[in-house]
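An overview of the molecular structure
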Amino acid sequence: MIAVDLKSETDFASWRTRARSLLAADIQPGMIAWRTNPADRDLFGEQPSPLPERDIKVRVPRQFLTLAERAACHRDDERFARLYRLLYRLHHRDCALSDKSDPDIIWLEKRDKAVRRDIHKMHAFVRFRASGVSEFGREQFGAWFEPDNYIEELAVPFFVRRFPNMDWLIVTPRRTARYVDGELTYTDGGARDQLPAEDAVEDQWRTYFASIFNPARLKTKAMTAEMPKRYWKNLPEAQLIPSLIASSTTRAREMQAAAPQPANPRAATIMRQRELTAPQAEPLNTLAAVNAAARTCTRCDLCRHASQTVLGEGPQSARLMIVGEQPGDQEDIAGRPFIGPAGKLLDQSLAHSGIERSTTYLTNAVKHFKFTPRGKRRIHSKPNAGEINQCRWWLNLEREFVQPEIILAMGATALRGVLGRAGRLTDYRGQTLEIAKGVTLLTTVHPAYLLRLPDADRREQELARFRADLAQTAMLLEERTRASG
Ligand code: URA
């Protein structure tokens, strides 16, 4: 028997090099003991067996390596031995990946599927709790998760892409992934009580879950298949499930009775009259008071379905105001504008054009997320003219308090929100327009439009145009600074 040591339960890289040497020496699969755990060493003596120093051109489909790398993260103790057997058989043309009845191929596909599912669940069910702010001003979060398999290193890069601007910690019983100042490191696992206590983010998750829960479409079996009960203990929103299920029949009836009405542009006049006669709770004489009032806005129906009002963000002294369309799914949960995919593209493009997001006031023409539920997803839906008109009340107040010199409208909704009437983007793009004393309007496309372009070349061209629009905005700001001496 040949004993081969790997550095950890998931040391696929060493498995690959060692398997290659063993294959070159034509070592039969049954002759190898793969050891990932120091305790196994007692079984075959302390020392690993010396490996033959031969090399070989391994003849296996590339897809095998992809599947094998994931299967190597399965909790199956036999995984490295089974993978070597498969490698051996594939290399000797004794089986084919396409043979779905071969027990080894069935084994490989099952393990791959289980690992992919586990990764998917980790992406869906990690819930961060806020723990503070770092000395560099980065928000800090921590999360606890219990995966079924050894998937941490495969699953965590997703969170780096998704939350590059925060510092965070994901602790599992086996690994701790730390992302601090843009650097990801792993150490040993930990315990749940290392994490911060329950916080407001968990409330947001509950609000979000309650808002997307559709009692009329409740299928308890499908729901528990998608969100298995064993994850519930770490999901703040899962506490709501029993009561939401219990009340679903009544709520479904209520929903039928009060089916959502699309906001009617003609209602704008009536609403405006109501506004004039309605008493204001607090005088709106500061931006903070405006923001506080906007949180309870019911000027249109969108407030009934969105999780919260997403207000503008940035210094009140900002000289540049950038206006988008409406918050997206992620903004709706976090309560901050432009933090999702379109926001990331905007951030990169701003940096590219020399505009600092931190000195800019970023806001939206519409402050609530409008969406259509599709299964468990919420699909963005364009605000209509009535909704934009209603929200213009808030945008105008923001303009009044921020007093930007330049407004950059991104997309047709933003343009309508700023102008108060419809305008064709192509008529305004590339132009500077004095819309009020000392206030210049520039117009460009919305970054989400760029993300939706299917053709890569076209996307490149449009991105370059978008950046050129931002560069024009930066230049105008600079000219104004120079002119004012
Ligand atoms: N798109 C927008 O227009 N605004 C956001 O805040 C996010 C996406």
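In the block above lies the structure referred to throughout.
The text that follows walks through the structure, step by step, so that each part is easy to find. Nothing here was measured: the structure is a model prediction, and the numbers come from that model.

The rules behind these values
Residues numbered from 1 in each chain as written. Predicted model: local features only at pLDDT ≥ 70, side-chain atom pairs only at ≥ 80, totals over all residues. Heavy atoms only, no water. Helix = DSSP H or I, 4+ residues; strand = E, 2+ residues; numbered from the N terminus. Buried < 20%, exposed > 50% of the residue type's maximum accessible area, 1.4 Å probe, protein only. Polar contact = N/O pair within 3.5 Å; in protein donor to acceptor, adjacent residues only side chain to side chain. Contact = heavy atoms within 4.5 Å. Core = buried A, V, L, I, M, F, W, Y, C linked by side-chain atoms within 4.5 Å. Arc of directions from axis to C-beta. Phe/Tyr/Trp six-rings, centres within 6.5 Å; stacked < 30°, edge-to-face > 60°. Lys NZ or Arg CZ within 6 Å of the ring centre and 35° of its normal.

Let's shift gears to the side chain of Arg89. Within the secondary structure, Arg89 sits in helix α4 (residues 79-91). On the accessibility criterion, Arg89 (16% relative accessible area) is buried. Engagement of the side chain of Arg89 in a polar contact is seen with the side chain of Asp104, the distance being 2.9 Å. With sequence-adjacent residues up to four places away left out, Arg89 is seen in contact with Asp94, Cys95, Asp102 and Asp104.

What follows deals with the nonpolar core. Counting 31 residues, the largest nonpolar core has Val323, Trp394, Ile407, Val418 and Leu441 as the members making the most contacts within it. Only α12 (287-294), β8 (320-324), α15 (385-402), β12 (406-410), α16 (412-419) and β14 (439-444) provide two or more residues apiece to this core. Per-element accounting of this core gives the leading share, seven residues, to α15. Those residues within four positions of Ile407 in sequence are excluded, and the remaining contacts are Met321, Val323, Arg399, Val418, Ile435, Val439, Thr440, Leu441 and Leu442. In this structure, Ile2, Val60, Phe80 and Leu97 belong to the second largest nonpolar core, which totals 30 residues.

Turning to helix α6 (residues 152-162), a few remarks are in order. Every buried residue belonging to α6 is among Glu152, Ala155, Val156, Phe158 and Phe159, and all of these are buried. All buried residues of α6 project into a common sector of 145 degrees when viewed along the axis, lining one side. Considering only its buried residues, α6 is in contact with α5 (103-125), β5 (167-171), β6 (175-180) and β7 (183-188).

This part takes up the packing of aromatic side chains. Applying the stated criterion across every chain yields a total of 15 aromatic pairs. Geometrically, the ring pair formed by Trp15 and Trp34 is tilted, given 6.2 Å between the ring centres and 45 degrees between the ring planes. Here Trp34 lies in strand β2 (residues 32-35) and Trp15 lies in helix α1 (residues 12-24), a separation of 19 residues in the sequence. What makes Trp15 buried here is its relative accessible area of 1%. Residue Trp34 is classed as buried on the basis of its relative accessible area of 12%. Through pairs of rings, three or more aromatic residues link up here, namely Phe128, Phe141, Phe158, Phe159, Phe163, Trp168 and Tyr179. Stacked on the ring of Phe371, the Lys or Arg Arg378 has its end atom at 4.8 Å from the ring centre.

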